[in-house]
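If you want the building blocks of each chain, they are given just below.
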Amino acid sequence: MPSLIRSWLPGLSRLAETWRARLRTAEAMAELLRARRLVLRIPFGTWRDRLGLSANAPARDATDPQVAAAWALARHIDRAAWRMGGEWLCLPRAVALIAMLRRREIPYALHIAARPETQRTGTDDLHAWVDVGPVRVIGDLPGEWAVIFRAQG
């Protein structure tokens, strides 16, 4: 009988990992909805303190497993945004990812930036992204950016 149970374990572990991934995407969906409501309805100065950010805190180093976990969470944010349809801007995505990173105690840095005045086109002139260690895990958009807000968490 024990050998029969061991033969089921690989299939069960794959099934369990599939459901864990689905639950992370569902978590990302909930965080995206919360982040969109926060960004659209409440002034930035009011809610930035809720993110656990500190503009003066020294940068914390992230380990390689933390960077890999952050990268995977960012992919769940992207998948959730795709599944929910519509337009999901960079700031709600970044805020949703920050909530998921905080829950897992992964250090991060949030950047909010604007294009330099000479390169502005009227669309996509503001941008937000999240770095974990040296890796930009969400919001990698080409071009020059002048950072107007940076905080660590």
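A brief report on the enclosed structure follows. (Residues numbered from 1 in each chain as written. Predicted model: local features only at pLDDT ≥ 70, side-chain atom pairs only at ≥ 80, totals over all residues. Heavy atoms only, no water.)

## Some remarks on the overall build of the protein chain
Reasoning step 1: When its secondary structure is counted, the protein chain shows four helices and four strands.
Reasoning step 2: For the protein chain, the succession of helices and strands along the chain, N to C, is α-α-α-α-β-β-β-β.
Reasoning step 3: By the burial criterion, 35% of the 153 residues in the protein chain qualify as buried.
Reasoning step 4: For the protein chain, restricting intrachain contacts to residue pairs at least 6 apart in sequence, the fraction spanning at least 24 positions comes to 73%.
Reasoning step 5: Working note: accessible area of the protein chain is about 9500 Å², and carbon and sulfur atoms make up 57% of it. (Helix = DSSP H or I, 4+ residues; strand = E, 2+ residues; numbered from the N terminus. Buried < 20%, exposed > 50% of the residue type's maximum accessible area, 1.4 Å probe, protein only. Contact = heavy atoms within 4.5 Å. Areas by Shrake-Rupley, 256 points an atom, 1.4 Å probe, with all protein chains shown as cover.)

## Focus: helix α4 (residues 90–103)
Reasoning step 1: With 14 residues, α4 should reach 20 Å at 1.5 Å per residue; the first-to-last C-alpha distance of 20 Å fits that figure.
Reasoning step 2: Burial runs high along α4: 10 of the 14 residues are buried.
Reasoning step 3: Inspection of α4 places Leu91, Pro92, Ala94, Val95, Ala96, Leu97, Ile98, Ala99, Met100 and Leu101 among the buried residues, and these make up the whole buried set.
Reasoning step 4: Positive backbone phi, at 55 degrees, marks Glu105, one or two positions downstream of α4. (Expected span 1.5 Å × (residues − 1).)

## Re the packing of aromatic side chains
By convention here, two paired aromatic rings are described through the distance between centres and the angle between planes.
Reasoning step 1: Tallied over the entire structure, the rule returns zero aromatic pairs.
Reasoning step 2: Directly above the aromatic system of Trp19 lies the positively charged group of Arg22, at a separation of 4.9 Å from the ring centroid.
Reasoning step 3: Above the ring of Trp88, the side-chain terminus of Arg36 is found at 3.6 Å from the ring centroid. (Phe/Tyr/Trp six-rings, centres within 6.5 Å; stacked < 30°, edge-to-face > 60°. Lys NZ or Arg CZ within 6 Å of the ring centre and 35° of its normal.)

## Some remarks on unusual backbone geometry
Reasoning step 1: Within the chain, Glu105 stands out as a residue other than glycine whose phi angle is a positive 55 degrees.
Reasoning step 2: Looking at where Glu105 falls in the secondary structure, it is placed in the loop between α4 and β1 (109–114).
Reasoning step 3: Exposure remark for Glu105: the relative accessible area of 65% places this residue in the exposed category.

## Comments concerning the sheet that holds strand β2 (residues 126–132)
Reasoning step 1: Read from one edge to the other, the open sheet built from four strands follows the order β3-β2-β1-β4, with strand pairing classed as antiparallel. On the outer flanks of this sheet lie β3 (135–138) and β4 (146–152), each paired with one strand and no other. The mean inter-strand angle of the sheet, taken between neighbouring strand axes irrespective of direction, is 35 degrees.
Reasoning step 2: In this sheet, β3 lies alongside β2 in antiparallel orientation, the contact comprising three bridges. By the bridge assignment, Val132 is partnered in β3 with Val135.
Reasoning step 3: Against the sheet, α4 engages β1, β2 and β3, with an angle of about 20 degrees to β2. (Pairing = 2+ DSSP bridges. Axes fitted to C-alpha atoms, helices over the stretch in contact; angles between N-to-C directions.)

## Comments concerning the packing of helix α3 (residues 64–84) against α4
Reasoning step 1: In the contact formed by α3 and α4, the axes pass within 10 Å of each other and the chain directions differ by 135 degrees. Taken together, the axis directions place α3 and α4 in an arrangement best described as oblique. Where α3 crosses over α4, the handedness of that crossing is right-handed. Here α3 contributes Ala70, Leu73, Ala74, Ile77, Asp78 and Ala81 to the contact with α4, which in turn contributes Arg93, Ala96, Leu97, Met100 and Leu101.
Reasoning step 2: For the contact of α3 with α4, the residue count by class is nine nonpolar, no polar and two charged. (Parallel < 35°, antiparallel > 145°, perpendicular 65-115°, else oblique. Left-handed = near helix turned anticlockwise from the far one by under 90°. Nonpolar A, V, L, I, M, F, W, Y, C, P; charged D, E, K, R; others polar.)

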